[in-house]
Number of protein chains: 2
Amino acid sequence: MNIGEIAKRAGVSRSTVSYALSGKRHVSPETKARIQQVIDELDYRPNAAARALKEGRTRTIGLVIPPPVRRLTYMQLEFVASVLEAASQADLDVLLSPSGDTHAPAFSRLIDGRRVDGVILMEIRLQDPRVDQLRKAGMPFVTIGHTAHPEGVWWVDVDYQGLVGRCVKHLADLGHRDVALINRSAEMLADGYGPGLRAQQGFAQAVAQYGLTGFEYPCADDAPAGDACVERILNEHPEVTAAVTVNESALPGFQRALQRAGLRVPADFSLIGVAAQHWAEEFQPPLTSADVPAVQMGAEAVQLLTEYIADRAAAPKHLLLSPPISLRDSVSRARTLERD
Amino acid sequence: MNIGEIAKRAGVSRSTVSYALSGKRHVSPETKARIQQVIDELDYRPNAAARALKEGRTRTIGLVIPPPVRRLTYMQLEFVASVLEAASQADLDVLLSPSGDTHAPAFSRLIDGRRVDGVILMEIRLQDPRVDQLRKAGMPFVTIGHTAHPEGVWWVDVDYQGLVGRCVKHLADLGHRDVALINRSAEMLADGYGPGLRAQQGFAQAVAQYGLTGFEYPCADDAPAGDACVERILNEHPEVTAAVTVNESALPGFQRALQRAGLRVPADFSLIGVAAQHWAEEFQPPLTSADVPAVQMGAEAVQLLTEYIADRAAAPKHLLLSPPISLRDSVSRARTLERD
DNA sequence: TTGTAGGCGTTATCAC
DNA sequence: GTGATAACGCCTACAA
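Residues numbered from 1 in each chain as written. Chains lettered and ligands numbered in written order. Predicted model: local features only at pLDDT ≥ 70, side-chain atom pairs only at ≥ 80, totals over all residues. Heavy atoms only, no water.

Under an unreviewed UniProt entry, chain A has the name LacI family DNA-binding transcriptional regulator and belongs to Actinospica acidithermotolerans.

Put into structure tokens, the structure is as follows:
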């Protein structure tokens, strides 16, 4: 089924059908109605490939996700969902592309084959070769997270550094002196994963500023790792009375380790962090946390990308989100057992 | 950058470049090398839209997922990941399309606009209008799950009916007389969600066959619902000593409710089910369950779809998977308190 | 072994 | 208000 067939059946030329559809030229109501009728009858829709070839754009965006074998975190999943939603609203399709070495061909297909009009890049590293590749190819893109030198690129990120700092301050205000940071995995940090490194910085700065003693622990993104990590903290530094976490996937593990150690939250141990609202509320007791606005981020990323595609000469924009810390029930004054 | 430019710079005709790339005609090694050099230099890759237009296929498949607002279960996520992986292996791109009423335009774009060569449809209903739409459009598709009348369609599914039956048998063998089925949500059942309805049937049949008393409870896909559901079961039917579940997302809730009621698993209450391996192993104690082979299903679905696309006249194939029940630690003999 | 040319289905320019 | 036609970039049948 193509536009020629519609034209024939409606007794008009192909261009008239095209214009009736696009509205870029006036078409008499009668003709338009006749055409529409044929179209409805045959479920006609312009062939996407032909249109893309002619217009030089695909009406599709690429979403590059972390290698899905290492499972997506809840936050990332929410983000993907919101990108899908926002794209759908804007009549854009989404080509999902896994990242990682084994998928490099897929990435190149996407970019060099011009399968998409623009790309949203998740889980960016401080130094990221994909950013260079996209730049070189002249493909519009928005990164989630930002590189070490994000000048000239469009991005959306969460201010992990500032948020972790505020978490530490909150603990300091409540009398905690020895606190831990439960970060993402050592591998990710070594690999230059921005949020982890910025959490690290924010923690170190705040600990120094408020005169606390801080211990940083990396932790893989799953419950067993969280369990082991908390156990280690309790063993190695029993003086620690509170922890800041940016590792939502490990939360269920924290719960188990604390319970096993006979520590109640928040009476014996305070926990605060940055997490998806879902996980924060799922924790028992509900976790005091800065809720990562993943849904908003997805929508913003699509919005920015759309602007960028529409005007490639536009000045780069970015968004550093700093959601408020929701006070729930996982933080209290420091236990005073060891003090005085 | 297009094929003509490459041809010019390599001093050959466009067709020679095309043939050098496709290998469908012999090209002298020297010419080939010269062409390859220019291609590497310019990062040339054939324009996907032009190629799709000419060849009549897009080298892209569509993956239609449940509305992502109602979040994906772990199993579904695993499935999406494995489809992505398998497609990537086969040099296919994946267009992710959300399902649901508000996204109907996106679905039609996909199908009628011929943006994809074939579609994988997740979370099929017993009566599913999308199946009819795909059929009508002559678009190859594979469903995950099968409709009430799946004759002539390609599908992959898990034998929920049989598996739930085997779970009940296992409980019966261990002396349980009063058992519950914790199913998916009432809404999904009312909506004709196959796995839920087939679990229902399998449960009813097996309960009758082994002379047990069975109680079926619907339960939404999240922890709080699981908590509430188990509490209800314990209240309404204290005689129940074991439950079969097909609702993995609610498992953490079961844990909480049982713990609160002072019931130990499996000493006081046995639990068995069908779930993603991840959730089964995450449960405490590890859940005896048929582990849904989501990864295998994704790969098989892509494989089937590829065959179907390659030969549209091929006889429909399907796959009804029945993974073994892994004995873990959540089932024991019925407690005998109330008996004798 | 290589070159020429037509057409895939659209959109948009030009002509009426 | 509408029709004819060129072009988007590629693949491939045909010609040399």
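On to the nonpolar core, then. Burial of nonpolar side chains together is a common tendency in soluble globular proteins. Ranked by size, the top nonpolar core spans 155 residues in total, and within it Leu 63, Phe 79 and Ile 120 of chain A together with Leu 63, Phe 79 and Ile 120 of chain B carry the most contacts. Sequence-distant contacts of Phe 79 of chain B, defined by excluding residues within four places in its chain, comprise Leu 63, Ile 120, Met 122, Ile 144, Ala 294, Met 297, Gly 298 and Ala 301 of chain B. (Core = buried A, V, L, I, M, F, W, Y, C linked by side-chain atoms within 4.5 Å. Buried < 20%, exposed > 50% of the residue type's maximum accessible area, 1.4 Å probe, protein only. Contact = heavy atoms within 4.5 Å.)

Let us now look at the UniProt feature "domain: HTH cro/C1-type" (unreviewed entry) in chain A. When the UniProt feature table is mapped onto this chain numbering, "domain: HTH cro/C1-type" (unreviewed entry) sits at residues 5-45 of chain A. Here residues 5-45 of chain A is 71% helix and 0% strand, with 12 Å between the C-alpha atoms at its ends. (UniProt positions renumbered as here; feature names shortened; annotations may be inferred. Helix = DSSP H or I, 4+ residues; strand = E, 2+ residues; numbered from the N terminus.)

Of the two same-sequence chains, chain B is brought onto chain A (RMSD 0.1 Å, axial shift 0.0 Å) by a rotation of 180°. Given the turn and translation reported, the copies of this chain are related as if by a two-fold rotation axis. An overlap of 100% is found between the interface residues of chain B and their copies at the interface of chain A, pointing to a shared contact surface. (Least-squares fit on C-alpha atoms with pLDDT ≥ 70 in both.)

Residue and element names in this part refer to chain A. Across the interface, helix α11 (residues 223-236) lies against helix α12 (residues 251-260) with an axial gap of 6 Å and an inter-helix angle of 40°. Put simply, α11 runs oblique to α12. α12 is crossed by α11, and the crossing has right-handed handedness. Each of Ala 223, Pro 224, Gly 226, Asp 227, Val 230, Glu 231 and Leu 234 in α11 lies in contact with α12, whose residues at this interface are Pro 252, Gly 253, Phe 254, Arg 256, Ala 257, Leu 258 and Arg 260. Of the residues in the contact of α11 with α12, the class split is 8 nonpolar, 2 polar and 4 charged. (Axes fitted to C-alpha atoms, helices over the stretch in contact; angles between N-to-C directions. Parallel < 35°, antiparallel > 145°, perpendicular 65-115°, else oblique. Left-handed = near helix turned anticlockwise from the far one by under 90°. Nonpolar A, V, L, I, M, F, W, Y, C, P; charged D, E, K, R; others polar.)

Let's shift gears to the protein's contact with DNA strand C. In the neighbourhood of DNA strand C, 27 residues make up the surrounding shell, with Ile 3, Tyr 19 and Tyr 44 of chain A together with Arg 25 and Thr 31 of chain B lying closest. Counting only the atoms of DNA strand C that lie within 4 Å of the protein, the sugar and phosphate share comes to 51%. Listing elements by their share of the surface near DNA strand C, those giving two or more residues are α2 (14-22) and α4 (48-55) of chain A together with α2 (14-22) and α4 (48-55) of chain B. Its residues assigned to classes, the surface near DNA strand C comprises 8 nonpolar, 10 polar and 9 charged. (Near = heavy atom within 4 Å.)

Take helix α10 (residues 194-209) of chain B next. Residues and elements named next belong to chain B. In this model, α10 (16 residues) spans 22 Å end to end at C-alpha, consistent with the 22 Å of a helix rising 1.5 Å per residue. Within α10 the residues assigned to the buried category are Gly 194, Pro 195, Gly 196, Leu 197, Arg 198, Ala 199, Gly 202, Phe 203, Ala 206 and Val 207. Looking at the buried residues of α10, the elements they touch are β5 (154-158), α8 (160-173), β6 (178-182), α9 (186-190) and β7 (213-217). Positive backbone phi, approximately 70°, marks Gly 211, located one or two places after α10. (Expected span 1.5 Å × (residues − 1).)

Turning next to the environment of Arg 333 of chain A. Residues and elements named next belong to chain A. Looking at where Arg 333 falls in the secondary structure, it is placed in the segment after β12 (325-326). Looking at Arg 333, the relative accessible area reads 55%, which means it is exposed. Once the C-alpha coordinates of Arg 333 and His 176 are considered, the two residues, 157 residues apart in sequence, prove to be 7.1 Å apart. Ignoring any residue separated from it by four or fewer positions in sequence, one finds Arg 333 in contact with Asp 173, Leu 174, Gly 175 and His 176.

Moving on, we come to the domain arrangement of chain A. Residue and element names in this part refer to chain A. Taken as a whole, chain A is organised into domain 1 (3-45), domain 2 (60-158 + 294-321) and domain 3 (160-291). Look at where the C-alpha atoms of domain 2 and domain 3 centre, and you get two points 29 Å apart. With 14 residues of domain 2 at the interface, the matching set in domain 3 holds 17 residues. Carbon and sulfur atoms supply 55% of the area that domain 2 and domain 3 bury against each other, a total of about 1,300 Å² over both sides. Contact with domain 3 buries area across many residues of domain 2, yet Tyr 74, Arg 125 and Val 158 alone supply 40% of it, more than any other trio. Taken together, the links from domain 2 to domain 3 amount to 2 salt bridges. Ionic pairing is found between Asp 157 and Arg 198, a salt bridge with its closest N-O pair at 3.8 Å. Scanning the region where domain 2 abuts domain 3 turns up 6 residue pairs in polar contact (both at pLDDT 80 or more). The element that contributes the greatest number of residues to the side of domain 2 that touches domain 3 is helix α5 (residues 74-89), accounting for 3 residues. Classifying every residue of the side of domain 2 that touches domain 3 gives 5 nonpolar, 3 polar and 6 charged. (Domains from an automatic or database assignment. Buried area = accessible area lost by both parts, 1.4 Å probe. Salt bridge = Lys/Arg side-chain N within 4 Å of Asp/Glu carboxyl O. Polar contact = N/O pair within 3.5 Å; in protein donor to acceptor, adjacent residues only side chain to side chain.)

Now for the packing of α4 of chain A against α4 of chain B. It is the contact of α4 of chain A with α4 of chain B, at a shortest axis distance of 8 Å, that shows an interaxial angle of 140°. As summarised for this structure, α4 of chain A and α4 of chain B are arranged oblique, according to the angle between their axes. Considering only the axes of α4 of chain A and α4 of chain B, their crossing is left-handed. Here Ala 49, Ala 50, Ala 52 and Leu 53 of chain A of α4 of chain A come into contact with α4 of chain B, specifically with Ala 49, Ala 50, Ala 52 and Leu 53 of chain B. Residues of the contact of α4 of chain A with α4 of chain B, tallied by class, amount to 8 nonpolar, no polar and no charged.

Backbone-to-backbone hydrogen bonds pair the strands of a sheet. The strands run either parallel or antiparallel. Residues and elements named next belong to chain A. Ordered by their spatial adjacency, 6 strands build an open sheet running β7-β6-β8-β9-β10-β12, and the pairing between neighbours is mixed. Two strands close off the open sheet at either side, each with one partner strand: β7 (213-217) and β12. Set on the sheet, helix α10 (residues 194-209) makes contact with β6 (178-182) and β7; between it and β6 the angle comes to about 170°. (Pairing = 2+ DSSP bridges.)

What follows is about the UniProt feature "domain: HTH lacI-type" (unreviewed entry) in chain A. Residues given the UniProt feature "domain: HTH lacI-type" (unreviewed entry) here are residues 1-55 of chain A. Between the C-alpha atoms that bound residues 1-55 of chain A there is a distance of 20 Å. The span itself is 71% helix and 0% strand.

Our next topic: the side chain of Glu 248 of chain A. Residues and elements named next belong to chain A. Mapped onto the elements of the fold, Glu 248 is located in the loop between β8 (242-245) and α12. Here Glu 248 is buried and forms no salt bridge, its nearest opposite-charge partner Arg 184 lying at an N-O distance of 7.3 Å. At a separation of 3.3 Å, a polar atom in the side chain of Glu 248 contacts the main-chain amide nitrogen of Tyr 74. There is a polar contact of 2.7 Å between the side chain of Glu 248 and the backbone nitrogen of Ala 276. In this structure Glu 248 touches Thr 73, Tyr 74, Met 75, Ala 275, Ala 276 and Trp 279, once residues within four positions along its chain are discounted. (Lys, Arg positive; Asp, Glu negative; His and termini not counted.)

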